[in-house]
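Fold and contact review
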Amino acid sequence: MPQPQIKSQPQGKVRDALVIGAGFAGLYQVHLLRDRLGLDVQGIEAGDGVGGTWYWNRYPGARCDSESHNYCYMFSEEIYKQWTWSERYPGHDEIRRYINFVADTLDLKRSFEFSSRVVDATYDDSANTWTVKTDTGEIYVARYLITAVGCLSTANVPAIPGLETFKGRWEHTGSWPHEGVDFRGKRVGMIGTGSTGIQCAPVIAETAKQLTVFQRTANYSVPARNAPLPEAFKEKMRANYAALRQKMHASPGGHDYPISERSAHEFTPEQRQAMYEKAWEFGGLHFRGTFRDVVIDRAANETASDFIKAKIRSIVKDPATADKLADIDHGYSTKRPPIDTDYFETYNRDNVSLVCLRSDPIEAITPSGIKTKTGEHPLDIIVFATGYDAMTGPLLKLNIKGRNGLPLGDIWKSGPKSYLGIQMHGFPNLFTITGPGSPSVLTNMPVAVEQHAEWIADAIAHLRKTGSARMEPKPEAVEEWVQSVNEAAQATLLPHTPHSWYLGANIPGKPRMFMPYAGGMARYRKLCAEIAADSYRGFTLTG
Ligand code: NA7
């Protein structure tokens, strides 16, 4: 078919497609569109190199919670076999080396403009193009716009009064200085005990003079049991590439480990204890899979929660500190479950203390430290391990405006609405990789990313083959999908933990809505394939 041409004479550099972000998602999307579809693709990236989330996350102890043989691209057997991970969980620097290796192998960097942040993306209805502006003053115009900006890339620095008066140094873990921070001899305060704080605290404590952890919500954590990978394991993974990929694709979370088909209620307390012990010793996110109903049945969940609370009390020697750490007000894994290396053990060190913000809230940051209700904690460095404006934050920051100049923020006023987490009504030819409404943060990310990038590339190929110029979802398809996302969440315990970032609850003023699709990656993949095969059911494709 003759390809639809951009008719007007737009201001800016004309491309076929623009991809924002050079993490796992953006790199693969550029590869697919450029090398498989033959499009003229421009990638745009705020950092001065590839890596996406891992470009920014360089805090002490930063490491992926997915196991390295799962946390990688699986689209190419050759690439899979060329890379060898050194540890069970990949550290941030090894992940960056890996992403650079893939980008270089596929010669992707030449398609990116680096050190360039998108500040505006506006749809022009008459030309059917997207105009994207960057903070370097560059303007690009293209038919297709694909966001690959990650789900956890907009740092949340809480508005605590007095931060600007602090005379010491402060950093957010999500935009850590490349040269690192020297904690030697310093009094360090760390706010936040999510996955990040739990990774960070033991490493900071090793060199800091004093570490004070400010905990708002006590959290569960299971030992990661990180270790160098044995040669035999590396060899086995290489040999079993196809089976491994198949397992990951068939699993709800995109990992290769099995989730038990048995209910926690089928076992006696003694049997359960033994099974949890075994899972605790094995370590990692597998713990969730001990029983099939850990995140869907409250009583089953309590058995896992109680087991971990007892572990905390057995590890932490000071009973008052153990009380604060084990006083957890939600069920295990109903918020993102962290895994750790010596997190609870860290509280046995003489140079570590814990402040419970529920009973002793922060009143202000002063020039010399953090002042809570009971007094001041003098500090040289404050580490904000306070998380992100998750999922919607990175997209809203792009200042996206659809048909008739409608800002994305307007249609998402009461929470994000999309079809499949991929497209929004009123925003033709805009595709959001791992957008809200897709499995994204509930899965092993590279699996979710690959599925989206491939689906989007196939959709664009279809548009070009059929001579269609525009693709956007029907309003009723969006409404139905929002309902499906809601139903999938309600079938689990996840939406019932009120202070979770899955619901947007960590950001003051953010609408409360369960954002990721909890129906599982395998089910979602099948549904997306069916929709595409059924002439892109629910989408309007116009010429
Ligand atoms: P999270 O999981 O959002 O954790 C942030 C932590 O910071 C959490 O303990 C929060 O307490 C705490 N927090 C946030 N704001 C404040 C304020 N204002 N005062 C005190 N404490 C606060 O982010 P992470 O970076 O740990 O992890 C993000 C994801 O990255 C993770 O799930 C993995 O997917 C990788 P709260 O629980 O909200 O009471």
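Before reading further, recall that the structure is shown in the block above.
To keep things clear, this report deals only with the structure shown in the data block. Just so it is clear, the model here is predicted, and its values are computed rather than measured.

What counts as what
Residues numbered from 1 in each chain as written. Predicted model: local features only at pLDDT ≥ 70, side-chain atom pairs only at ≥ 80, totals over all residues. Heavy atoms only, no water. Axes fitted to C-alpha atoms, helices over the stretch in contact; angles between N-to-C directions. Helix = DSSP H or I, 4+ residues; strand = E, 2+ residues; numbered from the N terminus. Parallel < 35°, antiparallel > 145°, perpendicular 65-115°, else oblique. Left-handed = near helix turned anticlockwise from the far one by under 90°. Contact = heavy atoms within 4.5 Å. Core = buried A, V, L, I, M, F, W, Y, C linked by side-chain atoms within 4.5 Å. Buried < 20%, exposed > 50% of the residue type's maximum accessible area, 1.4 Å probe, protein only. 1 Å grid on protein atoms, 1.4 Å probe; cavity = no way out; pocket = protein on both sides within 12 Å on 5 of 7 lines; lining within 4 Å. Points joined across faces, edges and corners; volume = space filled by probe spheres on them. Nonpolar A, V, L, I, M, F, W, Y, C, P; charged D, E, K, R; others polar.

1. A look at the packing of helix H9 (residues 298-315) against helix H10 (residues 319-326)
The N-to-C vectors of H9 and H10 enclose an angle of 160 degrees; their axes lie 9 Å apart at closest approach. Considering their axes alone, H9 and H10 lie roughly antiparallel with respect to each other. The two elements H9 and H10 cross, and the hand of that crossing is right-handed. Here Lys 309, Ile 312 and Arg 313 of H9 come into contact with H10, specifically with Ala 322, Asp 323, Leu 325 and Ala 326.

2. Overview of the nonpolar core
Counting residues in hydrophobic clusters, the biggest one holds 72 residues, and the most contacted among them are Phe 24, Leu 27, Leu 33, Tyr 98, Ile 146, Leu 420 and Trp 455. When residues of this core are assigned to their parent elements, the largest contribution, 10 residues, is made by helix H14 (residues 445-466). Not counting chain neighbours up to four residues away, the residues in contact with Leu 27 comprise Gly 21, Ala 22, Val 50, Tyr 73, Ile 99, Ala 103, Leu 108 and Phe 112. Within the second largest apolar cluster, 46 residues are counted, among which are Ala 62, Ile 198, Ala 201 and Ala 208.

3. Digging into unusual backbone geometry
Despite not being glycine, Leu 420 shows a phi value in the positive range, around 65 degrees. Mapped onto the secondary structure, Leu 420 falls in the loop between helix H13 (408-411) and strand S18 (430-432). In this model, Ser 440 sits at a positive phi of 30 degrees, which is unusual for a non-glycine residue. Locating Ser 440 in the fold gives a position in the loop between S18 and H14.

4. A word on the layout of surface pockets
Taken as a whole, the second largest pocket encloses approximately 360 Å³ of empty space. Taken together, 23 residues line the second largest pocket, and the ones lying closest to its centre are Gly 61, Arg 63, Gln 199, Val 203 and Thr 341. If you list the elements that add at least two residues to the lining of the second largest pocket, you get helix H4 (92-105), helix H5 (195-207) and strand S11 (339-340). Broken down by element, the residue count for the lining of the second largest pocket peaks at 5 residues, all from H5. Its residues assigned to classes, the lining of the second largest pocket shows 8 nonpolar, 7 polar and 8 charged.

5. Section: empty space enclosed by the protein
Counting across every chain of the model gives 3 cavities of 30 Å³ or more. Taken as a whole, the largest cavity spans an internal volume of roughly 140 Å³. As for the largest cavity, its lining consists of 14 residues, and the residues nearest its centre are Tyr 80, Trp 83, Thr 84, Trp 85 and Met 237. For the lining of the largest cavity, the elements supplying multiple residues, two or more each, are helix H3 (77-82) and helix H6 (231-239). In terms of residues, the lining of the largest cavity owes the most to one element, H6, which gives 4 residues. In terms of residue class, the lining of the largest cavity is built from 10 nonpolar, 2 polar and 2 charged.

6. Structural notes on the environment of Thr 392
Along the chain, the position of Thr 392 falls in the loop between strand S16 (381-384) and helix H12 (393-396). Residue classification places Thr 392 among the buried residues on the basis of a relative accessible area of 5%. The spatial distance from the C-alpha of Thr 392 to the C-alpha of Thr 268 is 43 Å, given a sequence separation of 124 residues.

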